[in-house]
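Coordinate inspection notes
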Amino acid sequence: MEYVTLPLGWVMKFCYNLFLSYGPAIILFTLLTKIILFPISLWTHNNSVKLVKLQPELNEIKAKFFGEKDTISDEQLKLYKREHYHPLAGLIPMLLQIFLLLCVIQIIYNPLTHILSFDKTAIASLISAVCAAFGLDPESNSIQLSVVNEIKNGFDMQGVDIQSVKALQTSFLGFDLSATPLSAGGKMLAVPLIAGLSALCLCLFQNRMNPLQAEQGRLSQIGTNAVSVGISLILGGFVPAGIGLYWICSNLFTMLQQLILNVIINPKKNIDYDRLEKSKQELERLNSIGKKSSPKFGDENYKREKADYKRFFSIANKHLVIYSENNGFYKYFSKLIDYLLNNSNIIIHYVTSDPNDNIFNLAKENEKLQAYYISERKLITLFMKIDADIVVMTMPDLDNYHYKRSYVKKDIEYIYIVHGPMSTHMVMNNGCLDNFDTVFCVGDFQIPEIRKQEELYNRKEKNLVICGYGFLEILQEKYDAMPKGDLPNKVLIAPSWQKDNLLDSCFDSLLDELLGKGLNVVVRPHPEYIKRYSHRMDTIIEKYKDYKGDDLSFELDFSSSDSLYNSSVVITDWSAAAYEFSYVTCKPCVFINTPPKIYNKEYEKIGIEPLEISLRNQVGVSYEINDFSGMADKIKEMISNKDEYSQQIKEIRQKYIANFGRSGEVGGKYIIRALIDKQKKLKEK
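Residues numbered from 1 in each chain as written. Predicted model: local features only at pLDDT ≥ 70, side-chain atom pairs only at ≥ 80, totals over all residues. Heavy atoms only, no water.

1. Comments concerning the overall build of the protein chain
Looking only at helices and strands, one finds 32 helices and 15 strands in the protein chain. Here the C-alpha atoms of the protein chain give a radius of gyration of 39 Å, more than 25% beyond the 26 Å that 2.2 N^0.38 yields for 685 residues. Dimensions of the protein chain along its principal axes, counting C-alpha atoms only, are 130 × 75 × 45 Å. Split into buried and exposed, the 685 residues of the protein chain put 50% on the buried side. Here the contacts in the protein chain between residues at least 6 apart in sequence split such that 71% fall between residues at least 24 apart. Total accessible area on the protein chain is roughly 33,500 Å²; 54% of this is exposed by carbon and sulfur atoms. Averaged over its 78 positive side-chain charges, the protein chain has a centre that lies 4 Å from the centre of its 79 negative ones. (Helix = DSSP H or I, 4+ residues; strand = E, 2+ residues; numbered from the N terminus. Rg over C-alpha atoms; globule rule 2.2 N^0.38 Å. Buried < 20%, exposed > 50% of the residue type's maximum accessible area, 1.4 Å probe, protein only. Contact = heavy atoms within 4.5 Å. Areas by Shrake-Rupley, 256 points an atom, 1.4 Å probe, with all protein chains shown as cover. Lys, Arg positive; Asp, Glu negative; His and termini not counted. Charge placed at Lys NZ, Arg CZ, Asp CG, Glu CD.)

2. Considering unusual backbone geometry
Note: most residues except glycine have negative phi, and most peptide bonds are trans. One non-glycine residue, L173, adopts positive backbone phi at about 55 degrees. In this fold, L173 is placed in the loop between strand 1 (171-172) and strand 2 (175-176). We note that D399 has phi near 70 degrees; this positive angle belongs to a residue other than glycine. Note on placement: D399 falls in the loop between strand 6 (388-393) and strand 7 (413-417). Relative accessible area serves as the criterion here: at 30%, D399 is assigned to the partly exposed category.

3. Digging into empty space enclosed by the protein
Summed over all chains, the structure comprises three cavities of 30 Å³ or more. Counted as a void, the largest cavity has a volume near 140 Å³. The wall of the largest cavity is formed by 16 residues, among which Y332, I417, G468, G470 and S663 lie closest to the centre. For the lining of the largest cavity, the secondary-structure elements that each account for two or more residues are helix 18 (330-343), helix 22 (470-481) and helix 32 (663-684). Of all the elements, helix 18 adds the most residues to the lining of the largest cavity, at four residues. Looking at the lining of the largest cavity, its residues break down into nine nonpolar, six polar and one charged. For the second largest cavity, the calculated volume is near 90 Å³. Together, T424, M428, N429, G431, C432, L433, D434, I450, Q453, E454, R459 and K462 line the second largest cavity. Tallied by class, residues from the lining of the second largest cavity come to four nonpolar, four polar and four charged. (1 Å grid on protein atoms, 1.4 Å probe; cavity = no way out; pocket = protein on both sides within 12 Å on 5 of 7 lines; lining within 4 Å. Points joined across faces, edges and corners; volume = space filled by probe spheres on them. Nonpolar A, V, L, I, M, F, W, Y, C, P; charged D, E, K, R; others polar.)

4. Quick word on the layout of surface pockets
Within this model, the second largest pocket holds a volume of roughly 1,300 Å³. In terms of lining, the second largest pocket is formed by 36 residues, of which the most central are P93, M94, Q97, Q206 and Q213. Every element with two or more residues in the lining of the second largest pocket is listed here: helix 2 (22-36), helix 3 (38-64), helix 5 (91-109), helix 11 (190-209), helix 12 (211-214), helix 13 (218-238) and helix 14 (241-264). Among the elements that make up the lining of the second largest pocket, the one with the highest residue count is helix 5 (nine residues). Looking at side-chain class alone, the lining of the second largest pocket contains 18 nonpolar, 17 polar and one charged residues.

5. What about the sheet that holds strand 7?
Read across the sheet, seven strands follow the order 5-4-3-6-7-8-9 without closing on themselves; strand pairing throughout is parallel. Here the strands that pair on one side only, and so sit at the sheet edges, are strand 5 (369-373) and strand 9 (463-466). If you compare each strand with its neighbour and ignore which way they point, the axes differ by 20 degrees on average. Strand direction decides the pairing type here: strand 3 (residues 318-324) and strand 6, joined by five bridges, are parallel. (Pairing = 2+ DSSP bridges. Axes fitted to C-alpha atoms, helices over the stretch in contact; angles between N-to-C directions.)

In structure tokens form, the structure reads like this:
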């Protein structure tokens, strides 16, 4: 360090000779080093701006390959190479600061060498004499400062320029810059406090003005602040006060330098902060997915998921993969799976995010059914790397959000199964089917809805297969097997859980019209309503607990749907289950026109009235909200004329539900043909 410090020692000596005082010399020295090294600071600042400018694309890479650390690392390196960014450039200011600090420490501790330019012989003689006289350690880092202090206190030695040492001015604003604050005590203790305060001011300033530091997370900023303040307190307390003054000045000049750098290269003109914020939000959203439902490290489900993930990717040439969100979705695949298991040798790889899914029990009974537990979070990676010929799912918005089409195999055929007997353009998000190759439709009424959206928004034309609705067939089988002990005049109120549902908007008025009119009213709220708004349901039940009649009851046990199907009439707002009830039982419904559930705000552009609206007065009757006069009499009339409604509903079902009783066969045959075609194309290649 002695030789490395010599050039900076000359600069310090120049500054001292201008003022003949340590304090102003250290301030000028600090300013000159900032000026001399400004080109490097400018280069580093430019590199920092470049990194923040790249941050949106870096975040998008992390989002695109979420969970794939090796792939993310490779893509980042490609991006850095393309943009000529140097990842280690951010270390340069820190290394320079450390280097300068060590040099200043060397200069302050050795004034005889760097300020007074004594030759080595004279310095050695002085140190030897002072150590002999006062018993000091000649190897001490501060020995030259001790020599200076002893000479100022009266020590004399022939043959050495003692006067220049006595004239050395180390006092500044009442502080002895050669003294160590913690040893000296008193007012000298203000030095480390001011050093710590200057470091805190610099950190808070940089958190706003430095483009790179401003993008750090809050915890990172707090950590940086704490470390910087801690170092400053140590520097200010345990080393000579001159070093503390240098550190204080360096912090203050760095703030000024940052302002100048931001004028020369303005971050706001070079960085797309809107895109940056959007990419950060997307990454935060991905990081939050499945946090609560993901298995905890080390527990049984964690080990199980790890093993299933490894097993899934250990199997090459998977022909068919089905993804189910939880146990409740198997019913939409059931008929299709049954047909494939009974009529082909296809191995079905069934992925579920529910560790308690009944599919694991079914898989034990049939070796052609392989089940895997993959949580929502891990599923993001699985989707990116999936290798199969066909993937079937009921989850929309493929590739629109966090679940992407595979980047490993580009020719996978993704099939979406519509799992509701209604239209696709009002209650489904605009564009949620865009990235599927094939859609299994409930009926031909869904084809013009989908085709019109493709035409209107210039989207890829999908392969539309009219399959039917397998779940309705399951419901029909269960209903046919039920004992037909329908309760006379039983009216089931089965609302949805959406905003402004009938429980929240008109429930009291509805009961006022129905109760005491010879109807047996049962209220069965949606399970999701209980889950989300249990306090509301408790309030409703409490309000009617003292009702004296025996024609009102609340059903909160959702383990069975029998109560739905042994009703005479169902009253709902926008629940799709009401149509399933009518299609299965051929009994009518009463619809309350609360605000509809609209996920596609542009559905009217399609120019086709959704079945949710057009069928309301065909499978029953509809009432405007809070205008229920005569409803009780109308319901009794509907029950009396049930045969008339029965025939009408059968005709509606035949018109809108295709291949009733054969949906699994139609879908299964399509998949078998598609796999055969893929094999033929593969052989041709």
